Amino acid sequence: MNDPEITWLSPDTVQIRQPKSSHWEAPFLFLLFGRARVLLIDTGATGDERVFPLRDTVETLTDTWLRRNPVVFTRPYPLVVAHSHAHRDHIAGDALLAARPGTTVVGTTPAQVIAFFGFRSWPDETVEFDLGQRIVDVIGGPGHEPSAVAFFDRETGILFTGDTVLPGHLYVRDRSQYVATIERLQRFRDASTAPVRELRGAHVEMSATPGVVYPPGTIDQPDELPLALAPRILDRVRSALDEFGDEPGARVVRKRFILAAD
Ligand SMILES: [Zn+2]
């Protein structure tokens, strides 16, 4: 058993990192508490709770938040489990939470994501998801994976970008959709009345040495970059895409990310 790394990013927002020792992907998960429900973004890389006790972690954090917010009295506290995208290392814990009372697990196909959030013109539209006195904007984001979305939390100004933008490999599966998604995120950032303060993706793979990545499979990353990226990283990704073809093996290396054909 390895304890997950818990970071309270605000009184209503928790970052959970699945420990490296349990899985080299060490994905980041996020819990966003509203006054009507709590949103969990992603469920990690394992369905084995002895390796990563996801349900216990969510229950403990929820109990802590409810104790600090005694005006909220719904029990069990409603939980919505959604995903940055449908790759295995972000959805493997779904079954652990599906059995929890009061829990809705959003499906992982594009059609299920579109239906749940109520997109009418996917992926160009941004839709609102209300947690109860806390609105999260859901932005269509295919390109790394067909059902990918980004979540923007107006309360903290954090844009949660999954595997689409992170300090590491940006694996591009569909180049034209990926370019459209980066441009959509740029437009969202520039138009948002609630300022976008930072981006948080789902992994860290870059070292503190510019352009040097820890290779897939690395367990020990003593010099990794912080997860948070400044909003201007979107401009760097967009301009790097101009040098990026989608032929097999294509790679464009930048200080904080590496575009790579998937
Ligand atoms: Zn992925």
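Every value quoted in this text rests on a predicted model; they were computed, and no experiment measured them.

Within the protein chain, the regular secondary structure consists of six helices and 14 strands. Taken over C-alpha atoms, the radius of gyration comes to 18 Å for the protein chain, in line with the 18 Å a tight globule of 262 residues would show. Overall, the C-alpha framework of the protein chain stretches about 55 × 40 × 30 Å when taken along its three principal axes. Buried positions account for 56% of the 262 residues belonging to the protein chain. Considering only contacts in the protein chain between residues 6 or more positions apart, those separated by 24 or more positions represent 61%. Put simply, the protein chain shows about 11100 Å² of open surface, and 49% of that area lies on carbon and sulfur atoms. Charged side chains of the protein chain number 28 positive and 35 negative; the gap between the two group centres comes to 4 Å.

All right, on to the pattern of salt bridges then. Overall, the coordinates contain 16 salt bridges when judged by the stated rule. Among the ionic pairs, Arg120 bridges to Glu125, the shortest N-O distance being 3.7 Å. According to the relative accessible area criterion, Arg120 is exposed, its value standing at 75%. Note on Glu125: relative accessible area 17%, which makes it buried. Residues Arg189 and Asp235 are paired through a salt bridge, measuring 2.9 Å at the closest nitrogen-oxygen approach.

For the rest of this paragraph, the subject is the coordination of the zinc ion. Around the zinc ion, the protein contributes the donor atoms His85 (NE2), His87 (ND1), His144 (NE2) and Asp163 (OD), at 2.1 to 2.3 Å from the metal centre. Its four donor atoms give the zinc ion angles of 84 to 172° at the centre, a pattern that matches the irregular case. Of note, the donors binding the zinc ion are all from one chain and are spaced H-x1-H-x56-H-x18-D. Placement of the pair is His144 in the loop between β8 (135-140) and β9 (149-153) and Asp163 in the loop between β10 (158-162) and β11 (169-172), with a sequence separation of 19 residues. The pair formed by His144 and Asp163 is uniform in burial state, with each residue classed as buried.

Here is what the cut-offs are and how they apply
Residues numbered from 1 in each chain as written. Predicted model: local features only at pLDDT ≥ 70, side-chain atom pairs only at ≥ 80, totals over all residues. Heavy atoms only, no water. Helix = DSSP H or I, 4+ residues; strand = E, 2+ residues; numbered from the N terminus. Rg over C-alpha atoms; globule rule 2.2 N^0.38 Å. Buried < 20%, exposed > 50% of the residue type's maximum accessible area, 1.4 Å probe, protein only. Contact = heavy atoms within 4.5 Å. Areas by Shrake-Rupley, 256 points an atom, 1.4 Å probe, with all protein chains shown as cover. Lys, Arg positive; Asp, Glu negative; His and termini not counted. Charge placed at Lys NZ, Arg CZ, Asp CG, Glu CD. Salt bridge = Lys/Arg side-chain N within 4 Å of Asp/Glu carboxyl O. Donors = N, O, S within 2.8 Å, 3.2 Å for Na, K, Ca; no water. Tetrahedral: all angles 85-135°; square planar, octahedral: opposite > 155°, others 65-115°.

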